[in-house]
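Chains, contacts and geometry: an overview
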Amino acid sequence: KFYGAEIAPLPFAVAFLRALPFGGRVKIQFTSFWGMDFKPFDFVYAFLAPDPMPRLWEKVQQELPKGSVFLVNTFRIDHHADEEVAVEDKHNCRLYVYRR
């Protein structure tokens, strides 16, 4: 199962509509992840601006279980990534993998 959290109305609507064909396996919520508990998750993906990343890293350290993966798109945190992956897309972004 996949859960998504989005607080911007337009990206939420797009994500919600894209998730419909997957039935209950993909759920998009119009909410902030700040109020979510990460303990039930094995994998957390974030694509945010640089400013909230240190706070998000603290949340990940406190809540994401050992053995889980935190994947950051483009805006790395101030911590050594376990792996960096170059994505061959139109933005040539990088993914930063942090294993708990």
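The structure reproduced in this document is the subject of the present report. Note that the structure is a prediction, hence the values are computed from the model and not measured.

Criteria and thresholds
- All residue numbers refer to position in the chain's written sequence, counted from 1.
- Selection of residues for local features in this predicted model requires a pLDDT of at least 70, selection of side-chain atom pairs for listing and counting requires 80 or more, and totals for whole chains, interfaces and linings are taken over all residues.
- To get the side-chain values, take all heavy atoms of the structure and skip hydrogens and water.
- Strands are treated as partners if at least two bridges between them are detected by DSSP.
- Strands here are runs of E lasting at least two residues and helices are runs of H or I lasting at least four, both read from the DSSP assignment and numbered beginning at the N terminus.
- A clockwise course of the path from the first strand over the helix to the second, judged with the strands pointing away from the viewer, identifies a crossover as right-handed.
- Note on classification: 1.4 Å probe, protein chains only; a residue is buried when its accessible area is under 20% of the maximum for its type, exposed when over 50%, partly exposed between these limits.
- Two N or O atoms form a polar contact when they lie within 3.5 Å of each other; inside protein one atom must be a possible hydrogen donor and the other a possible acceptor, and for residues adjacent in sequence the pair counts only when both atoms belong to side chains.
- Contact definition: two residues touch when any of their heavy atoms are within 4.5 Å.
- An axis is simply a line fitted to the C-alpha atoms; with a helix, the fit covers only the stretch in contact. Between two such axes, the angle follows the N-to-C directions and lies from 0 to 180 degrees.
- Here the aromatic set is Phe, Tyr and Trp, taking the six-membered ring for Trp, and pairing holds for ring centres within 6.5 Å; pairs whose planes are under 30 degrees apart are stacked, those over 60 apart are edge-to-face, and all others are tilted.

**Here we look at the pairing of strand β1 (residues 2-6)**
The sheet contact formed by β1 and strand β2 (residues 26-30) spans five bridges and is parallel. Along β2, the bridge assignment pairs Glu6 with Phe30. Once the chain exits β1 it traverses helix α1 (residues 9-19) before rejoining the sheet at β2, and the crossover so formed is right-handed.

**Looking at the side chain of Asn73**
Structurally, Asn73 is set in strand β4 (residues 69-73). Since its relative accessible area comes to 9%, Asn73 is described here as buried. A polar contact is formed between the side chain of Asn73 and the side chain of Tyr45, at a distance of 2.7 Å. With near-sequence residues (within four places) excluded, Asn73 lies in contact with Tyr45, Ala46, Phe47, Cys93, Arg94 and Leu95.

**Side note on the sheet that holds β4**
Pairing is mixed across the open sheet formed by four strands, whose spatial order is β3-β4-β6-β5. This sheet does not close on itself; its edge strands, each paired only once, are β3 (43-46) and β5 (83-86). On average, adjacent strands in this sheet sit at an angle of 20° to one another, irrespective of strand direction. Sheet strands touched by helix α2 (residues 53-63): β3, β4 and β6 (94-99). Its angle to β4, the strand with the most contacts, is close to 170°.

**Considering the packing of aromatic side chains**
Within this structure, the stated rule accounts for nine aromatic pairs. A centroid spacing of 5.9 Å and a plane angle of 65° characterise the contact between Tyr3 and Phe41, whose relative ring orientation is edge-to-face. Residue Tyr3 is found in strand β1, and its partner Phe41 is found in the loop between β2 and β3; the two are separated by 38 residues along the sequence. Owing to a relative accessible area of 42%, Tyr3 belongs among the partly exposed residues under this scheme. Ring geometry for Phe70 versus Tyr98: centroids 6.0 Å apart, planes at 35°, classification tilted. Within this pair, whereas Phe70 is found in strand β4, its partner Tyr98 is found in strand β6, the two being separated by 28 residues in sequence. Side by side, Phe70 and Tyr98 carry an identical accessibility label, which is buried.

Everything listed here is a matter of coordinates, which is why it stays silent on function.
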